[in-house]
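Spelled out from the first residue to the last, the chains are:
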There are 2 protein chains.
Amino acid sequence: MVGVTSLDTAIAARLKRDAAGLVPAVVQDAETRDVLMVGWMDDEALRRTLETRRGTYWSRSRQSYWVKGETSGHVQEVREVRLDCDGDTLLVLVDQTGPACHTGDHTCFDADRLL
Amino acid sequence: MVGVTSLDTAIAARLKRDAAGLVPAVVQDAETRDVLMVGWMDDEALRRTLETRRGTYWSRSRQSYWVKGETSGHVQEVREVRLDCDGDTLLVLVDQTGPACHTGDHTCFDADRLL
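Residues numbered from 1 in each chain as written. Chains lettered and ligands numbered in written order. Predicted model: local features only at pLDDT ≥ 70, side-chain atom pairs only at ≥ 80, totals over all residues. Heavy atoms only, no water.

Per an unreviewed UniProt entry, the recorded name for chain A is Phosphoribosyl-AMP cyclohydrolase, and the organism is Aeromicrobium wangtongii. Among the UniProt annotations of chain A, the heading Sequence similarities (unreviewed entry) holds the following wording: "Belongs to the PRA-CH family." The Catalytic activity (unreviewed entry) field of the UniProt record for chain A holds the comment "1-(5-phospho-beta-D-ribosyl)-5'-AMP + H2O = 1-(5-phospho-beta-D-ribosyl)-5-[(5-phospho-beta-D-ribosylamino)methylideneamino]imidazole-4-carboxamide". (UniProt positions renumbered as here; feature names shortened; annotations may be inferred.)

Take Val38 of chain B: it is sitting in strand S2 (residues 35-41). By relative accessible area, Val38 of chain B is classed as buried at 13%. C-alpha separation for the pair Val38 of chain B and Leu90 of chain B, spaced 52 residues apart in sequence, amounts to 9.6 Å. Discounting residues that sit within four places of it in the chain, Val38 of chain B has contacts with Val26 and Thr89 of chain A together with Pro24, Ala25, Val26 and Phe109 of chain B. (Helix = DSSP H or I, 4+ residues; strand = E, 2+ residues; numbered from the N terminus. Buried < 20%, exposed > 50% of the residue type's maximum accessible area, 1.4 Å probe, protein only. Contact = heavy atoms within 4.5 Å.)

Take the packing of aromatic side chains next. Following the criterion strictly, the structure yields five aromatic pairs over all chains and no others. Note on Trp58 of chain A and Tyr65 of chain A: the rings are 4.9 Å apart at their centroids and 70° apart in plane angle, and the pair reads as edge-to-face. In this structure Trp58 of chain A comes out as buried when scored by relative accessible area, which is 17%. Considering the side-chain rings of Tyr57 of chain B and Trp66 of chain B, the 5.1 Å spacing of their centres and the 40° angle between planes classify their relative orientation as tilted. Owing to a relative accessible area of 0%, Tyr57 of chain B belongs among the buried residues under this scheme. Its guanidinium or amino end placed over the ring of Tyr65 of chain A, Arg48 of chain A lies 4.3 Å from that ring's centre, counting from NZ or CZ. (Phe/Tyr/Trp six-rings, centres within 6.5 Å; stacked < 30°, edge-to-face > 60°. Lys NZ or Arg CZ within 6 Å of the ring centre and 35° of its normal.)

So, about the sheet that holds strand S2 (residues 35-41) of chain A. Read across the sheet, five strands follow the order S2(A)-S1(A)-S6(A)-S5(A)-S7(B) without closing on themselves; strand pairing throughout is mixed. Both edges of this open sheet fall to S2 of chain A together with strand S7 (112-113) of chain B, since each of them pairs with a single strand only. (Pairing = 2+ DSSP bridges.)

Turning our attention to the side chain of Asp29 of chain B. All names here are of chain B. Note on placement: Asp29 falls in strand S1 (residues 23-29). It is Arg79 that comes nearest to the buried, bridge-free Asp29 among opposite-charge side chains, at 6.5 Å. Polar contacts involving the side chain of Asp29 include one to the main-chain amide nitrogen of Thr32, which spans 3.0 Å. Apart from the residues lying within four places of it in its own chain, the contact partners of Asp29 are Asp34, Leu36, Val94 and Gln96. (Lys, Arg positive; Asp, Glu negative; His and termini not counted. Salt bridge = Lys/Arg side-chain N within 4 Å of Asp/Glu carboxyl O. Polar contact = N/O pair within 3.5 Å; in protein donor to acceptor, adjacent residues only side chain to side chain.)

So, in structure tokens, the structure goes:
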């Protein structure tokens, strides 16, 4: 897929984005099946993820793209990407190197249990 | 928790809602660990979910609350609810009765594989 510069039109046609042009991407460890984190993707982040097989997201707070592990080394090798029945949510199955959470926790859901 | 009519203030203080007052809720089967669906919750949907232990969501298309399985019988008995490190995403672990997807699929992510 070298040289591809926009998201496949058949995929883009199925995506239902929010007002900001984003869809949530649920990231699950392909082996342990832990839900690791939820990131956000626009068309370009999804294109980069599919092309590079590195989990790539849009930061709503920083308003920029980020590749998971780019600074920490805790990269995600992407095995599968699935779109849900409504076309408005992605499921990304990954091989996660190191902890997935920026806090150092294994997942972003480890620290705060409500029930 | 009978008679509780608003979300616990300590929880409400930690929730970071989007512009519509919502957070995504990733629903995972507690046994199989499949990611079943993603719904949306406001404070009231979360309160009802915690209080009744039935997965309860806000429908963005219908602009109303819905209890998963209310019409289909495919209810979700909620085992755990977790808030992520940023306070803007929920993980809900459930015992799912029947298929989780309204299409009849086991999960909402079964039908459309992008990678």
